[in-house]
Number of protein chains: 2
Amino acid sequence: MNGNFTPAGVNWPLMSRRRYRQNCALALALDVVGERWTLLLVRELLTGPKRFRDLLANLPGIGTNLLAARLKDLEQAGLIRRGTLPPPAGSAVYELTDTGSALEPSVVALAGWGARYAGSPRKGYAYRANWVAVGMKFAFRPEAARGVQETYEYHIDGEVFHVLVEGGRCEVRQAPAPQPAFRLTSDANTLLQIANGAMPLQKAIDSGALLVEGSRQAFARSLKIFRLPVQL
Amino acid sequence: MNGNFTPAGVNWPLMSRRRYRQNCALALALDVVGERWTLLLVRELLTGPKRFRDLLANLPGIGTNLLAARLKDLEQAGLIRRGTLPPPAGSAVYELTDTGSALEPSVVALAGWGARYAGSPRKGYAYRANWVAVGMKFAFRPEAARGVQETYEYHIDGEVFHVLVEGGRCEVRQAPAPQPAFRLTSDANTLLQIANGAMPLQKAIDSGALLVEGSRQAFARSLKIFRLPVQL
DNA sequence: CGGAATCCTCTTCGATACTG
DNA sequence: CAGTATCGAAGAGGATTCCG
């Protein structure tokens, strides 16, 4: 049934997107980021610029056409921009603009609410180390981070990200850190069990399921800065 | 014909509902509330229990079948429950459970982000006084509400809601207040213009577009408690 | 009044194939 | 590698009808 001639609405260019048509801040927000995959796409970009194929790999099931469409829409809406990674990489990437980054509190709040469903990892559900980042943002306690300025590096299932704590804020990037105060190595399952309180941290360390290299003091600090298990 | 939501891990046969299938708190949250209309439905219930027809009236365009389906899904997911209003009303209503109410921070955060698009009211877009409620939650400043315990009543375009400030928190209900400190009467357009700074408050009062009855002191307090215009 | 059910059309999604 | 093109399937939207 393609190639259909629009009966009456031909004059509306690109206005075929569904909108709520409500003068309400929430509805207007959802008009922009309420479609399927959009907020997950923002989640990916919250940990730094990403290439098309990286996004595709971290959004299993999206399909190339839909990803391309979302990227185009978000670019037009001013939430993301196309950029180029500094040499020697030089890859074409997508990154959040200020407007897009401003979605972080919303994403973190939603993830905080959804944490109640993340208690036990579901079979057949995908997992990426990157996705812990949003959880760490939620677990972050600014008052415990006063005066702390250091970087922690995490290796989960072979993927790497780091957290920069500085000035009472924290940033998460999907990349190795220059000089991390410690390096934590573990796997998704162990981490989830610790996060929801199903396994004591010490037990994971004793069994070798979780390894910490570097400053033990910094690691102890990090446990105060990121509250575990996550409170709902 | 709607698939039921199963909180415990369940294999994927017969799943008619789309899910992201990601072990990520954000994705799991969106599996529950990410579908079209769902968060707007939660928004409606955040100001108190509502009947089917009230919801239908405040969600123009949803259609009875879709509203019924969403209500059923949310009830099974444990976000809402069917209730009965106390006598003499006795109507069958829907209300949020604790799990559903826990979405408030997420809804408020998203509305706060969407406020940047609400600057100028759009022609042809619907408006309900009720929708100001979410905005007021965002504009609420707890530190300015310390020690204040009073109720404000707002009449917008003939609709009524009130705000209860107490213990450093605020609640918004779509109902008249017992003994409001003041009663504000205005229309949607005037309010939007004031909220985004397009019109000074005093000018609206002078022109009669905005009427305040009752305690002027309480009104002055309320302006400190709810920051206007909304900062992004 | 508060839905549930049906029918039909349109849009969006998801998967795969294809191209610069 | 970064997307387009295509097409079947699922979801959304609107109207209407029926029921208790």
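What counts and how
- Residues numbered from 1 in each chain as written.
- Chains lettered and ligands numbered in written order.
- Predicted model: local features only at pLDDT ≥ 70, side-chain atom pairs only at ≥ 80, totals over all residues.
- Heavy atoms only, no water.
- Helix = DSSP H or I, 4+ residues; strand = E, 2+ residues; numbered from the N terminus.
- Buried < 20%, exposed > 50% of the residue type's maximum accessible area, 1.4 Å probe, protein only.
- Lys, Arg positive; Asp, Glu negative; His and termini not counted.
- Charge placed at Lys NZ, Arg CZ, Asp CG, Glu CD.
- Domains from an automatic or database assignment.
- Contact = heavy atoms within 4.5 Å.
- Buried area = accessible area lost by both parts, 1.4 Å probe.
- Salt bridge = Lys/Arg side-chain N within 4 Å of Asp/Glu carboxyl O.
- Polar contact = N/O pair within 3.5 Å; in protein donor to acceptor, adjacent residues only side chain to side chain.
- Pairing = 2+ DSSP bridges.
- Axes fitted to C-alpha atoms, helices over the stretch in contact; angles between N-to-C directions.
- Least-squares fit on C-alpha atoms with pLDDT ≥ 70 in both.
- Phe/Tyr/Trp six-rings, centres within 6.5 Å; stacked < 30°, edge-to-face > 60°.
- Lys NZ or Arg CZ within 6 Å of the ring centre and 35° of its normal.

### Notes on the overall build of chain A
Of regular secondary structure, chain A possesses 10 helices and seven strands. Seen through its C-alpha atoms, chain A measures out along the principal axes to roughly 70 × 40 × 35 Å. When burial is assessed residue by residue, chain A has 45% of its 232 residues classed as buried. Looking at chain A, you have 28 positive and 19 negative side-chain charges, and the mean spots of the two groups are 5 Å apart.

### Here's the deal with the domain arrangement of chain A
Residue and element names in this part refer to chain A. Domain boundaries assigned for chain A yield domain 1 (25-102) and domain 2 (129-225). Taken over C-alpha atoms, the centre of domain 1 sits 25 Å from the centre of domain 2. Between domain 1 and domain 2, the contact holds eight residues from the first and seven residues from the second. When the buried surface of domain 1 facing domain 2 is broken down by residue, Arg43, Thr47 and Asn58 rank first, second and third, together holding 68% of it. Remark: the boundary between domain 1 and domain 2 carries zero salt bridges. For the interface between domain 1 and domain 2, the tally reads five residue pairs in polar contact (both at pLDDT 80 or more).

### Let's talk about the side chain of B:His162
Residue and element names in this part refer to chain B. As for its placement among the helices and strands, His162 is situated in strand β4 (residues 159-166). A polar side-chain atom of His162 sits 3.5 Å from the main-chain carbonyl oxygen of Pro176. Leave out the neighbours within four places in its chain, and His162 touches Thr151, Tyr152, Glu153, Glu171, Val172, Arg173, Ala175, Pro176 and Ala177.

### Observations concerning the sheet that holds strand β5 (residues 169-173) of chain A
Residues and elements named next belong to chain A. Across the sheet, five strands lie side by side as β5-β4-β3-β6-β7; this open sheet has mixed pairing. In the strand order of this sheet, the two ends are held by β5 and β7 (211-214), each with one partner. Neighbour-to-neighbour, the strand axes of the sheet open up by a mean angle of 20 degrees, direction not taken into account. Here helix α10 (residues 216-225) sits on the sheet in contact with β3 (150-156), β4 (159-166), β6 (182-186) and β7, set at roughly 85 degrees to β3.

### Overview of the relation of the copies chain A and chain B
The transformation that overlays chain A on chain B combines an axial shift of 0.0 Å with a rotation of 180 degrees, and the residual RMSD is 0.1 Å. One copy is carried onto the other by what is essentially a two-fold rotation axis. It is A:Ser106 whose C-alpha, among those of chain A, lies nearest the rotation axis, at 2.9 Å. Both copies contact each other with a shared surface, as 98% of the interface residues of chain A are interface residues in chain B too.

### What to know about the packing of aromatic side chains
Scanning all chains against the criterion turns up 16 aromatic pairs over all chains. With a centroid separation of 5.3 Å and an interplanar angle of 80 degrees, the aromatic rings of B:Phe182 and B:Phe219 are classed as edge-to-face. With a gap of 37 residues between them, B:Phe182 in strand β6 (residues 182-186) and B:Phe219 in helix α10 (residues 216-225) connect regions that are remote in the sequence. Taken as a pair, B:Phe182 and B:Phe219 share a single burial class, namely buried. An aromatic cluster of at least three residues, connected via ring pairs, comprises A:Tyr152, A:Tyr154, A:Phe161, A:Phe182 and A:Phe219. Across from the ring centre of A:Phe138, 5.4 Å away, lies the NZ or CZ of A:Arg227, which sits over that ring.

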